[in-house]
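# Analysis of the macromolecular model
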Amino acid sequence: MSALFLLLTGWQEVVCTFEAEAFGHALEMLRTAGIATHTRTTNCGSANRRSGTLGAFGELPGRSIEYQIFVRKADLAKARLALQGRLETDPDGTRRAK
């Protein structure tokens, strides 16, 4: 899905990074908190545009993919708290802000 479509249907971007490890960690934190997510990846490197690897001279291959995580607008505040590590679990299993 395109980012514009997600925005028009009530989803907000909560994470945008070029680091796969940070993307995976954030996605795991949101899923652990029970927050529904949509993800999107975009290859921003020039090597994907048929220019060959010579056209990619000077680019960092590990930083050529953009990772985005979207959450519902209603879950945006909870998602931000989850990413900051500020949600705690009650004895009944519900998560709330610390």
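What you see is a predicted model; the values in this text were computed from it and never measured. Along each chain, residue indices are assigned from 1 in the same order as the chain's sequence is written. Residue-level local features of this predicted model are given only where pLDDT is at least 70; pairs of side-chain atoms are given and counted only at 80 or more, and the full residue set underlies all totals for whole chains, interfaces and linings. Working from all heavy atoms in the structure, the side-chain values ignore hydrogens and water.

### Digging into the sheet that holds strand β2 (residues 37–43)
With respect to topology, three strands assemble into an open sheet ordered β1-β3-β2, the strand pairing being antiparallel. Of all strands in the sheet, those with a lone pairing partner are β1 (11–17) and β2, marking the two edges. Neighbour-to-neighbour, the strand axes of this sheet turn through a mean angle of 25°, independent of strand direction. At least two bridges found by DSSP between two strands are what make those strands a pair. Under the scheme used here, helices are H or I runs from DSSP no shorter than 4 residues and strands are E runs no shorter than 2 residues, and both carry numbers assigned from the N terminus. The pairing of β2 with strand β3 (residues 65–72) spans seven bridges and is antiparallel. For Thr 39, the partnering residue across the bridge sits in β3 and is Ile 69. We call two residues in contact whenever any of their non-hydrogen atoms come within 4.5 Å of each other. Every angle, taken between N-to-C directions, lies between 0 and 180 degrees, and every axis is a line fitted to C-alpha atoms, over only the stretch in contact when it is a helix. Here helix α3 (residues 76–83) sits on the sheet and contacts β1 and β3; the angle it forms with β1, its principal contact strand, is near 25°.

### Section: the nonpolar core
Joining through side-chain atoms within 4.5 Å is the link that ties buried Ala, Val, Leu, Ile, Met, Phe, Trp, Tyr and Cys residues into a set, and such a set is a nonpolar core. Exposure is judged per residue with a 1.4 Å probe applied to protein chains only, and the accessible area is read against the type maximum: over 50% gives exposed, under 20% gives buried, and values in between give partly exposed. Counting residues in hydrophobic clusters, the biggest one holds 16 residues, and the most contacted among them are Val 14, Leu 30, Ile 35, Ile 69, Val 71, Ala 79 and Ala 82. Secondary-structure elements contributing two or more residues to this core are β1, α2 (20–32), β3 and α3. Those residues in contact with Ile 69 that lie beyond four places of it in its chain are Gln 12, Glu 13, Val 14, Val 15, Phe 23, Ala 26, Leu 27, Leu 30, Thr 37, His 38 and Thr 39.

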